[in-house]
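Structural overview for review
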Amino acid sequence: MSDPAVHESFLVHRGLKYFKLALLIVVAAVVAYIWHRPLGAPNGGTWLGYTLGGLSAAIVLWLTWFGVRKRQYALGATRLKAWLSAHVYLGMALVVLTTLHTGFQVGWNIHTAAYALVLLTVASGIFGIYVYARYPRLMTANRAGLTLNGMMTQIAELDQEIRESSKHLPQEVSEALLRAAQETCIGGGIFRKLSGRDPACPTGKAQRLMETKYAETGIDDPNIGKVIALLVRKSNLLRRARRDVQIQAILRIWLFFHVPLAVGLLGTLCAHVLAVFFYW
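Note that this is a predicted model, so its numbers are computed, not measured.

The next point concerns the overall build of the protein. Within the protein one finds ten helices and zero strands. Taken from N to C terminus, the helices and strands of the protein fall in the order α-α-α-α-α-α-α-α-α-α. Going through the 280 residues of the protein one by one, you find that 38% of them count as buried. For the protein, the proportion of contacts with a sequence separation of at least 24, taken over those separated by at least 6, is 78%.

A word on the layout of surface pockets. By volume, the second largest pocket amounts to about 580 Å³. Around the second largest pocket sit 29 residues that line it, and Gly-44, His-101, His-111, His-272 and Val-276 are the ones nearest its centre. Elements represented by at least two residues in the lining of the second largest pocket include exactly α2 (47-69), α3 (77-102), α4 (110-143) and α10 (255-279). The dominant element in the lining of the second largest pocket, judged by the number of residues it contributes, is α2, at seven residues. Tallied by class, residues from the lining of the second largest pocket come to 13 nonpolar, 16 polar and no charged.

Before going further, it helps to examine unusual backbone geometry. A positive phi angle is found at Leu-16, which is not glycine, with a value near 60°. Tracing the chain through its elements places Leu-16 in helix α1 (residues 13-35).

With that settled, the discussion passes to empty space enclosed by the protein. Evaluated as defined, the whole model comprises two cavities of 30 Å³ or more. Space inside the largest cavity adds up to approximately 50 Å³. Every residue lining the largest cavity is listed: Cys-185, Gly-187, Arg-192, Lys-193, Gly-196, Arg-197, Asp-198, Arg-242 and Val-245. Elements supplying a minimum of two residues to the lining of the largest cavity: α7 (190-195) and α9 (222-253). A breakdown of the residues in the lining of the largest cavity according to their chemical character gives two nonpolar, two polar and five charged. Put simply, the second largest cavity is a space of about 40 Å³. Lining of the second largest cavity is provided by Tyr-33, His-36, Pro-42, Asn-43, Thr-46, Leu-48, Gly-49, Leu-52, Leu-100 and Gly-103. Considering every element that reaches the lining of the second largest cavity, the biggest residue donor is α2, with three residues.

Our focus in this paragraph is the packing of α4 against α9. Here α4 crosses α9 at 165°, and the two axes come no closer than 10 Å. Relative to α9, the element α4 is oriented roughly antiparallel. Considering only the axes of α4 and α9, their crossing is left-handed. Between α4 and α9, the residues in contact are Val-131, Tyr-132, Tyr-135, Pro-136, Leu-138, Met-139, Asn-142 and Arg-143 and Arg-240, Arg-243, Asp-244, Ile-247, Gln-248, Ile-250 and Leu-251, respectively. Classifying every residue of the contact of α4 with α9 by side-chain character gives nine nonpolar, two polar and four charged.

Glancing now at the environment of Ala-241. By the secondary structure assignment, Ala-241 is in helix α9. Those residues in contact with Ala-241 that lie beyond four places of it in its chain are Leu-148, Met-151 and Ile-186.

Bringing the packing of aromatic side chains into the picture now. Aromatic ring pairs are described here by two measures, namely the spacing of the ring centres and the angle between the planes. Evaluation of the coordinates by the stated rule reveals seven aromatic pairs. The interplanar angle of 80° and the centroid separation of 6.2 Å between the aromatic rings of Tyr-132 and Trp-254 together place this pair among those described as edge-to-face. Of the two residues, Tyr-132 is situated in helix α4 and Trp-254 in the loop between α9 and α10; the sequence distance between them amounts to 122 residues. Each member of the aromatic cluster is reached from another via a ring pair, and the members are Phe-127, Tyr-130 and Tyr-135. Stacked on the ring of Tyr-135, the Lys or Arg Arg-134 has its end atom at 5.4 Å from the ring centre.

Burial of nonpolar side chains together is a common tendency in soluble globular proteins. Core analysis: the largest hydrophobic core is formed by 27 residues, its most contacted members being Leu-52, Ile-59, Leu-90 and Leu-94. Listing elements by their share of this core, those giving two or more residues are α1, α2, α3, α4 and α10. The element that contributes the greatest number of residues to this core is α3, accounting for nine residues. When neighbours within four sequence positions are excluded, Leu-90 is seen to be in contact with Ala-22, Ile-25, Ile-59, Trp-62 and Leu-63. Grouped together as the second largest cluster of nonpolar side chains are 21 residues, Ile-162, Ala-176, Leu-177 and Leu-230 included.

Below, the discussion takes up the environment of Ala-271. In this structure, Ala-271 sits in helix α10. Separated by 161 residues in the primary sequence, Ala-271 and Ile-110 place their C-alpha atoms 7.1 Å from one another.

The rules behind the values
- Residues numbered from 1 in each chain as written.
- Predicted model: local features only at pLDDT ≥ 70, side-chain atom pairs only at ≥ 80, totals over all residues.
- Heavy atoms only, no water.
- Helix = DSSP H or I, 4+ residues; strand = E, 2+ residues; numbered from the N terminus.
- Buried < 20%, exposed > 50% of the residue type's maximum accessible area, 1.4 Å probe, protein only.
- Contact = heavy atoms within 4.5 Å.
- 1 Å grid on protein atoms, 1.4 Å probe; cavity = no way out; pocket = protein on both sides within 12 Å on 5 of 7 lines; lining within 4 Å.
- Points joined across faces, edges and corners; volume = space filled by probe spheres on them.
- Nonpolar A, V, L, I, M, F, W, Y, C, P; charged D, E, K, R; others polar.
- Axes fitted to C-alpha atoms, helices over the stretch in contact; angles between N-to-C directions.
- Parallel < 35°, antiparallel > 145°, perpendicular 65-115°, else oblique.
- Left-handed = near helix turned anticlockwise from the far one by under 90°.
- Phe/Tyr/Trp six-rings, centres within 6.5 Å; stacked < 30°, edge-to-face > 60°.
- Lys NZ or Arg CZ within 6 Å of the ring centre and 35° of its normal.
- Core = buried A, V, L, I, M, F, W, Y, C linked by side-chain atoms within 4.5 Å.

Next up, the structure:
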């Protein structure tokens, strides 16, 4: 019997346990900020500012540790889901905590740079949540029970059938079909992967050539109709395979922003702390 917790979304893990924890922290911080009456304007140099700053720094370090922790597969899917749930909600709470820590005092300095990186890192993480909530379902629907390797295998089999059925076709058509078999590609550069399309696809050109060539004269040879039908099936598989590659690229591309931002945040956080304790 499967464990229902394994199929539970990380967003609602254990009855929104970590959402409630993050909400409690945020409410306590807001209440303390309203209650606090510092000398002068609120800022990070008051006892509450130091408290919120220390708590924010601890959360940043913990969230960064998650990037290492999640690769320890021995923890199990349920444990990793708990860490991810906490990562998401504490990361969102960090926006409120750091904002209150600044006392809404910003300027062109390392302190504001650290705050800005917090906001950017959390924003990229929220985009990652959207990606992982939306695209895995789209990938499953697009694959329809096949893997990308399975699609590639079927495409190769269709190419073989097309070659066998097109031996006696005109040279122009045979050459187009040969290019379709040899030069059709899936993937490529990052922009090609993200587009999910290949406007110059040799298979598409071969299909259009045959449909145009035999549209007026008709299809007397049954092999011609068979080749066109095979090209249509191949084009549909290519579209699905390119869509699969596109979704996989989208699932990864946000990390190229989130990870560098997180590393930059750690660096500016260290500079922020050193500036406060040694140069403030």
